[in-house]
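Close look at the chain arrangement
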Amino acid sequence: PIYFLNEQHITGDISFALRQYLYMTRDIRFLNESGIELVQEIAEFWASRVFLNSSTNMYEIHDVMPPDEWHKKVNNSAFTNAVAKLSLLLPEFVGNVMNIKPDPKYKAIADKMYIPYDKQLDYHPEFDGYTKNEPVKQADVVLMGFPLMINMDESTRRNDLRIYEAVTSKGPAMTWSMFSIGNLEIGDITKASTQFTRQLLNVAKPFNVWTELDDGTGAVNFITGMGGFLQSLLFGYGGFRLRPDRIDFHGRLPPSTSSFNITGLDYLGGSIDFYFTKDTTIVRLTKAAEFTLTLKYEEKAFTLKQNEIQMFSSTKASIVPDLPLALKRNSANHVLFSSVLLIISALFCSKLYFC
């Protein structure tokens, strides 16, 4: 009971998975059938769960278990409050897509959501009363940088990574994928490589199944560990970030590789292949999308045309759709899915190759 009653961030995680699914598909049919109700009911749950602190005029959430399951009931888990805030903002995004007006109370609460932050040390305490250097079970606060992509200064992101890496001594397999992604974000390639490779300690012979802990104990076959590994490839070394109006990416090579393929990234009805080497990125649209897609990097822009190759020196780049904010017709690609685990890499429908 301590887990299913208190680890309520999972409700927010489902909303976040919905958000990313809608970024990738703009699936109007799904929204009409059940998606709007799901988005609104999750927002309503968080609206019922917060209370207004009269002394700070900020909303707080008490008595929850954060992703760090060593702390059973805390007040104002930084991750939980952050994912709740995103859940409360999702009705506004869906309202813009569907040309409907959401209940304004959700955004009003989100705008006043309290997220713990230590200004003096420039980092996010895991929860109210957290003491720096206190051990944690697994990645928690660092998930605010990715996958939640909460806005913060690079110094804060760096401090969160360093502080919590130092107190996460033997976390489950997926922990190191999140640290690897974070270190790639801030440009620490050496530390990112170390954390990426550390994941492989959880791969057990002879069938290469994943174990929860690197000594072979814990859950087997540990799907969360495999999901983290895929994310460290896609979102770490691929550098992919899903935005409401585009996909950003920045291909870099995983350790001990000379090339890196991502085949079949499905976006707005289309499909895109990526090929990365040390110095070069190749992008090819293999199936036309429902909207015109433009490749942008540096100050250049190229319309993607089916089966035409776009090659450029590896750098940060984006794929931007010519997408109206409100879509009034049904999506051609309806997908019925269940958001039980937040394994975001599955939303790409991708095959990975690297050598």
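Residues numbered from 1 in each chain as written. Predicted model: local features only at pLDDT ≥ 70, side-chain atom pairs only at ≥ 80, totals over all residues. Heavy atoms only, no water.

- In the nomenclature of an unreviewed UniProt entry, the protein corresponds to Protein-glucosylgalactosylhydroxylysine glucosidase from the organism Magallana gigas.
- According to the UniProt record, the Sequence similarities (unreviewed entry) comment for the protein is "Belongs to the glycosyl hydrolase 65 family."
- In UniProt, the protein has this text filed under Function (unreviewed entry): "Catalyzes the hydrolysis of glucose from the disaccharide unit linked to hydroxylysine residues of collagen and collagen-like proteins." (UniProt positions renumbered as here; feature names shortened; annotations may be inferred.)

Describing the packing of aromatic side chains
- Counting across every chain of the model gives 18 aromatic pairs.
- Between F146 and F235, the ring centres sit 5.0 Å apart and the planes meet at 40 degrees, which makes this aromatic pair tilted. Residue F146 is found in the loop between helix 5 (104-111) and helix 6 (154-166), and its partner F235 is found in helix 9 (residues 223-237); the two are separated by 89 residues along the sequence.
- Of note, R198 hangs over the ring of W176, and the distance from its end group to the ring centre comes to 3.6 Å. (Phe/Tyr/Trp six-rings, centres within 6.5 Å; stacked < 30°, edge-to-face > 60°. Helix = DSSP H or I, 4+ residues; strand = E, 2+ residues; numbered from the N terminus. Lys NZ or Arg CZ within 6 Å of the ring centre and 35° of its normal.)

What to know about the sheet that holds strand 6 (residues 246-249)
- Pairing in this open sheet of five strands is antiparallel, and the strands run 5-6-13-10-11 from one edge to the other. At either end of the open sheet lies a strand with only one pairing partner, and these are strand 5 (241-243) and strand 11 (300-303). Strand after strand, the sheet turns through a mean of 20 degrees between neighbouring axes, direction not considered.
- Looking at chain direction, strand 6 and strand 13 (residues 317-321) are connected through three bridges and run antiparallel. The residue of strand 13 that forms the bridge with D248 is S318. (Pairing = 2+ DSSP bridges. Axes fitted to C-alpha atoms, helices over the stretch in contact; angles between N-to-C directions.)

Remarks on the UniProt feature "domain: Glycoside hydrolase family 65 central catalytic" (unreviewed entry) in the protein
- Here, the residues flagged by UniProt with the feature "domain: Glycoside hydrolase family 65 central catalytic" (unreviewed entry) are residues 6-134.
- Regarding residues 6-134, the helix share stands at 53% and the strand share at 5%, and the terminal C-alpha atoms are separated by 21 Å.

Describing the side chain of T277
- With respect to the helices, strands and loops of the structure, T277 is situated in the loop between strand 8 (270-276) and strand 9 (280-287).
- Owing to a relative accessible area of 19%, T277 belongs among the buried residues under this scheme.
- Once you skip the residues sitting within four places of it in the chain, T277 turns out to touch L253, S258, S259 and S314. (Buried < 20%, exposed > 50% of the residue type's maximum accessible area, 1.4 Å probe, protein only. Contact = heavy atoms within 4.5 Å.)

Here's the deal with the packing of helix 7 (residues 174-185) against helix 9
- Running from N to C, helix 7 and helix 9 point in directions that differ by 10 degrees, and their axes come no closer than 8 Å. Our classification of the angle between helix 7 and helix 9 gives roughly parallel. When helix 7 is examined against helix 9, the residues M174, S177, M178, S180, I181 and L184 are found in contact with a partner set consisting of T224, G225, G228, F229, Q231, S232, F235, G236 and Y237. (Parallel < 35°, antiparallel > 145°, perpendicular 65-115°, else oblique.)

A short note on helix 3 (residues 28-49)
- Helix geometry: helix 3 is bent most strongly at S34, by close to 65 degrees.
- Listed as buried for helix 3 are I28, F30, L31, G35, I36, V39, I42, A43, W46 and A47.
- Looking at the buried side of helix 3, the elements it contacts are helix 2 (9-25), helix 4 (78-98) and helix 5. (Bend = angle between axes of the 7 residues up to and from the residue.)

Describing the pairing of strand 13
- Here strand 13 lies mainly inside the structure; five of its five residues are buried.
- Inspection of the sheet shows strand 10 (residues 293-297) paired to strand 13 by five bridges, in the antiparallel sense. Bridging across to strand 13, T294 finds its partner in V320.

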